[in-house]
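Architecture and fold: a report
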Number of protein chains: 2
Amino acid sequence: MSAEITARSKIRPGKRTNDPEGLRKRVLDVAEASFQARGYNASSLGDLMAAAGVTGGALHHHFPTKKALALAVIEGRVAAAVEATWIAPVLAAGSAREGIRSVFEAVATELEQQGFVRGCPLNNLAHELSLVDPDFRAALAGIFSAWREAIADKIRADQQAGREQDTDPQRFAALAVATYSGAMSMAKTTQDSGVLRDCLNALEHGAASASSSKGGAKRRRRVLIGQRSF
Amino acid sequence: MSAEITARSKIRPGKRTNDPEGLRKRVLDVAEASFQARGYNASSLGDLMAAAGVTGGALHHHFPTKKALALAVIEGRVAAAVEATWIAPVLAAGSAREGIRSVFEAVATELEQQGFVRGCPLNNLAHELSLVDPDFRAALAGIFSAWREAIADKIRADQQAGREQDTDPQRFAALAVATYSGAMSMAKTTQDSGVLRDCLNALEHGAASASSSKGGAKRRRRVLIGQRSF
DNA sequence: GACAAAACAGGACAACCGGTCTGTTTTAGA
DNA sequence: TCTAAAACAGACCGGTTGTCCTGTTTTGTC
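Reference entry: report on the structure contained in this document. For clarity, every value in this text was computed on a predicted model and none was experimentally measured.

Here we look at the overall build of chain A
- In terms of regular secondary structure, chain A is built from nine helices and zero strands.
- The order of helices and strands in chain A, counted from the N terminus, is α-α-α-α-α-α-α-α-α.
- Looking at chain A residue by residue over its 230 residues, the buried ones come to 48%.
- Taking the contacts inside chain A whose residues are at least 6 apart along the sequence as the reference set, 69% of them involve residues at least 24 apart.
- Roughly 10900 Å² of accessible area belongs to chain A as shown, and the carbon and sulfur atoms make up 53% of that amount.

Structure below.
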């Protein structure tokens, strides 16, 4: 436990190089990873300082309180993660449904490769912090809102192209986000990413027909095995 | 904050009545509520002791560690909550889809009445504890499994009655649980229970047609207002 | 009533947490 | 070069946390 590698080289005590942006980035990297792996409350500033190779004074200079650090992680990292893994791919896809499908599959594949499910960063923090502080809640709700709105916008774009005429953009977006969030929750708890593909399949088949239970690809039940993360 | 009511009447210091089952129940009541409202890590044993009107010795006698208490809450209360609000109603319903619909609506109505969304007890604890401890993870995964299996069983029962021939029980169950879990996650974060009805609607319309956007019931956008809980 | 076990009381404690404080070094601008 | 602000170092502190420990009281059993 604790720090395996001291990030900062302290060979020369008399020589120091100020690097506020780099230090800030290192702290955010470590905090993002630790919040994801252990949660906000279980991440102590001492652990973060050690892992980032940062002293208390430096940390306090950039992030006066733990709450400020978490808010910076949410607004600067979690929001970016949702943008990168969901919003951008969906908007760039040929259609909303194609985009959603590709995201589900990309995430499932990634989880299978790394052999460990850490869950959705947004949902992880949302569950822990939404009821604790209004500022946290507002920041997290904003990310959910942007996420849903992007999907709804894509549906509207599809509709202007003559497709998805019977689809309600808002409701469909809510369903897509909810399905992904819930599937990741289960995948994290069971450490089995297969549920992501199950949900995608059921979602694509209109929550009804799942085609032939025989003949088709046998359902994979791949239970992932641990692997240290942090 | 702290204890508003001291549950235990201490009028007679010399008179004491042993009530192990009652005390255990009181502790579990308080712990369940606090875990739900603040989470596991943010709930201190001191607060729980004060709220339940229990001394440290008594608490330690029944629950040697905080982990043991949480495990008891998960296995004794969270599992029962899922059974009562989901499994039993679905199995008792005329069909799986009817059961799912009634549960969604019942929960949405309940949330609207109490004006505050505390989230799904299972998902709340699952996000915070799944990666922390294997025992936690196993207990939580078991509840998810039972939940999904109950819905899948109901689909299979429907199929033996000639319905749902094109539905894959496992996948459909995964989608239902995921949708609910994710919808509750959003509802908690946005403090808006309307997303539950949005998701139910989208789910029932086969993730596609949401009927007329005009003429039909206007979508409710009811933002709930706070209300102390604990 | 004797007695052992269960049930409970309440204090003690060591570890830890987040925040603050003072002091030093680096850096940018005039 | 001088100077002030920014950047960083590192110790310090009050409060809290979970757990443990030693007693005392109640309760079931013979």
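Focus: the packing of aromatic side chains
- Counted by the stated rule, this structure contains 16 aromatic pairs over all chains.
- Between the aromatic rings of Trp147 of chain B and Tyr180 of chain B, the centroid separation amounts to 5.8 Å while the plane-to-plane angle is 75°, which identifies the pairing as edge-to-face. Placement of Trp147 of chain B in helix H7 (residues 134-160) and of Tyr180 of chain B in helix H8 (residues 169-190) is noted, with a sequence separation of 33 residues between them. Note on accessibility: Trp147 of chain B and Tyr180 of chain B belong to one class, buried.
- Ring-pair connections join several aromatic residues into one group, and the members of that group are Trp86, Phe104, Phe144, Trp147 and Tyr180 of chain A.
- Against the face of Tyr40 of chain A rests Lys66 of chain A, its NZ or CZ located 4.4 Å from the ring centre.

Quick word on H8 of chain B
Residue and element names in this part refer to chain B.
- A rise of 1.5 Å per residue sets the reference length of H8, with its 22 residues, at 32 Å; its end C-alpha atoms lie 31 Å apart and thus fit the reference within 8%.
- The N-cap of H8, judged by a side-chain oxygen 3.0 Å from the amide nitrogen of Gln170 a few residues on, is Asp168.
- Remark: Gln191 follows H8 within two positions and exhibits a positive phi of approximately 55°.

Thoughts on the protein's contact with DNA strand D
- Close to DNA strand D lie 21 residues, the nearest being Asp19, His61 and His62 of chain A together with Leu45 and Lys66 of chain B.
- A share of 83% is what sugar and phosphate atoms reach among the atoms of DNA strand D within 4 Å of the protein.
- Arg16 of chain A is positioned with one of its side-chain polar atoms (N or O) 3.5 Å from a base nitrogen of DNA strand D.
- The backbone of Pro20 of chain A places a nitrogen or oxygen atom 3.4 Å from a phosphate oxygen of DNA strand D.
- No other element matches the five residues that helix H3 (residues 56-62) of chain A contributes to the surface near DNA strand D.
- Considering only residue class, the surface near DNA strand D consists of three nonpolar, 13 polar and five charged.

Describing the nonpolar core
- Grouped together as the largest cluster of nonpolar side chains are 123 residues, with contacts concentrated most on Trp86 of chain A together with Trp86 of chain B.
- Counting the residues that make up this core, at least three belong to each of domain 1 (17-64) and domain 2 (66-224) of chain A.
- Those residues in contact with Trp86 of chain A that sit more than four places away from it in its chain are Ala81, Ile100, Val103, Phe104, Trp147, Ile151 and Tyr180 of chain A.
- The next biggest cluster of nonpolar side chains, apart from the first, holds six residues, and it includes Leu175 and Ala202 of chain A together with Leu175 and Leu203 of chain B.

Observations regarding the protein's contact with DNA strand C
- The environment of DNA strand C is made up of 22 residues, and the closest members are Leu45 and Lys66 of chain A together with Asp19, His61 and His62 of chain B.
- Sugar and phosphate atoms represent 78% of those atoms of DNA strand C found within 4 Å of the protein.
- Within the side chain of Lys66 of chain A, a nitrogen or oxygen atom sits 2.6 Å from a phosphate oxygen of DNA strand C.
- Between DNA strand C and Thr55 of chain B there is a distance of 2.8 Å, counted from a phosphate oxygen to a side-chain nitrogen or oxygen.
- Mapped by element, the contributors of at least two residues to the surface near DNA strand C are helix H1 (20-38) and helix H3 (56-62) of chain B.

Remarks on the interface of chain A and chain B
- At the interface, 55 residues of chain A touch 55 residues of chain B.
- For the pair chain A and chain B, the summed buried area comes to about 4600 Å², and 61% of that belongs to carbon and sulfur atoms.
- Of all residues in chain A, the largest losses of buried area upon contact with chain B belong to His127, Leu131 and Arg171 of chain A, amounting jointly to 17% of the total for that side.
- Of the charged contacts, one joins Asp198 of chain A and Arg171 of chain B as a salt bridge, the two residues approaching to 4.0 Å between their closest N and O atoms.
- At the surface where chain A touches chain B, the tally comes to eleven residue pairs in polar contact (both at pLDDT 80 or more).
- At the level of secondary structure, the elements contributing two or more residues to the side of chain A that touches chain B comprise helix H1 (20-38), helix H6 (121-129), helix H7 (134-160), helix H8 (169-190) and helix H9 (194-204) of chain A.
- When residues in the side of chain A that touches chain B are grouped by element, the largest group, 16 residues, is from H8 of chain A.
- For the side of chain A that touches chain B, the class distribution of residues is 24 nonpolar, 19 polar and twelve charged.

Digging into the relation of the copies chain A and chain B
- Laying chain A over chain B is done by rotating through 180° and shifting 0.0 Å along the axis; what remains is an RMSD of 0.1 Å. Accordingly, the operation relating the two chain copies is best matched by a two-fold axis.
- Most of the interface of chain A is mirrored in chain B, where 100% of its interface residues are also at the interface.

Focus on the side chain of Gln36 of chain B
- Counting through the fold element by element, Gln36 of chain B comes out in helix H1.
- When its relative accessible area of 16% is taken as the criterion, Gln36 of chain B is described as buried.
- Setting aside anything within four residues of it in sequence, one finds Gln36 of chain B in contact with Leu131 of chain A together with Arg118, Gly119, Cys120, Pro121 and Asn124 of chain B.

Examining the pattern of salt bridges
Residues and elements named next belong to chain A.
- Counted according to the given criterion, the structure contains 29 salt bridges over all chains.
- With a closest N to O distance of 2.5 Å, Glu164 and Arg97 form a salt bridge. You can see Glu164 sitting in the loop between H7 and H8 and its partner Arg97 sitting in helix H5 (residues 96-114), a full 67 residues away along the chain.
- Among the residues examined, Arg97 registers a relative accessible area of 28% and is labelled partly exposed.
- One salt-bridge network, held together by shared partners, links Lys25, Asp29, Glu32 and Arg77.

Re the packing of H8 of chain B against helix H9 (residues 194-204) of chain B
All names here are of chain B.
- Contact geometry of H8 with H9 gives a least axis separation of 9 Å together with a crossing angle of 155°. The angle between the axes of H8 and H9 places the two elements in the roughly antiparallel class. Crossing handedness for the pair H8 and H9: right-handed. Every residue of H9 that contacts H8 at Leu175, Thr179, Tyr180, Ala183, Met184, Met186 and Ala187 is listed here: Val195, Leu196, Cys199 and Leu203.
- Looking at side-chain class alone, the contact of H8 with H9 contains ten nonpolar, one polar and no charged residues.

Quick notes on the rules
- Once a new chain begins, its residue numbering starts again from 1 and follows that chain's sequence as written.
- The lettering of chains begins at A and the numbering of ligands begins at 1, in the order of writing.
- Reporting of local features is limited, given that this is a predicted model, to residues whose pLDDT is at least 70; pairs of side-chain atoms are given and counted only at 80 or more, and all residues count toward the totals for whole chains, interfaces and linings.
- Hydrogens and water are ignored here; the side-chain numbers use all heavy atoms of the structure.
- Helix and strand assignments follow DSSP, with helices taken as H or I runs no shorter than four residues and strands as E runs no shorter than two, numbered in order from the N terminus.
- Any residue under 20% of the maximum accessible area for its type is buried, any over 50% is exposed, and the rest in between are partly exposed; the area is computed with a 1.4 Å probe on protein chains only.
- Throughout, a contact is declared for two residues whenever any of their heavy atoms are within 4.5 Å.
- Each accessible area is a Shrake-Rupley estimate made with a 1.4 Å probe; only the visible protein chains count as cover when residues are assessed.
- Any two of the Phe, Tyr and Trp rings considered here, Trp counted by its six-membered ring, make a pair once their centres fall within 6.5 Å; the pair's planes then place it as stacked at under 30 degrees, edge-to-face at over 60, or tilted in between.
- Counted as over-ring charges are cases with an Arg CZ or a Lys NZ within 6 Å of the ring centre that also lie within 35 degrees of the ring normal.
- The span one expects for a helix is its residue count, reduced by one, times 1.5 Å.
- Pairs of N or O atoms within 3.5 Å make up the polar contacts considered here, provided that, within protein, one atom can donate a hydrogen while the other can accept it, and that residues adjacent in sequence are counted only when both atoms are side-chain atoms.
- Throughout this document, a residue counts as near a molecule or strand when at least one of its heavy atoms sits within 4 Å of that molecule or strand.
- Three residue categories are used. Nonpolar comprises Ala, Val, Leu, Ile, Met, Phe, Trp, Tyr, Cys and Pro, charged comprises Asp, Glu, Lys and Arg, and polar comprises the others, including Gly.
- Only buried residues count toward a nonpolar core, which is a set of Ala, Val, Leu, Ile, Met, Phe, Trp, Tyr and Cys residues joined through side-chain atoms within 4.5 Å.
- A domain assignment, automatic or from a database, supplies the domain bounds used here.
- Buried area adds together the accessible area that both of two parts lose upon being put together, with accessible area traced by a 1.4 Å probe.
- One speaks of a salt bridge when a side-chain nitrogen belonging to Lys or Arg is within 4 Å of a carboxyl oxygen belonging to Asp or Glu.
- The superposition of copies rests on a least-squares fit of C-alpha positions from residues with pLDDT of 70 or more in both.
- A fitted line through C-alpha atoms serves as each axis, taken over the contacting stretch for helices, and the angle formed by two N-to-C directions is quoted from 0 to 180°.
- By the definition adopted for this analysis, an angle is roughly parallel if under 35 degrees, roughly antiparallel if over 145, roughly perpendicular if from 65 to 115, and oblique otherwise.
- Each crossing gets its handedness from the near helix: less than a right angle anticlockwise from the far helix is left-handed, clockwise is right-handed.

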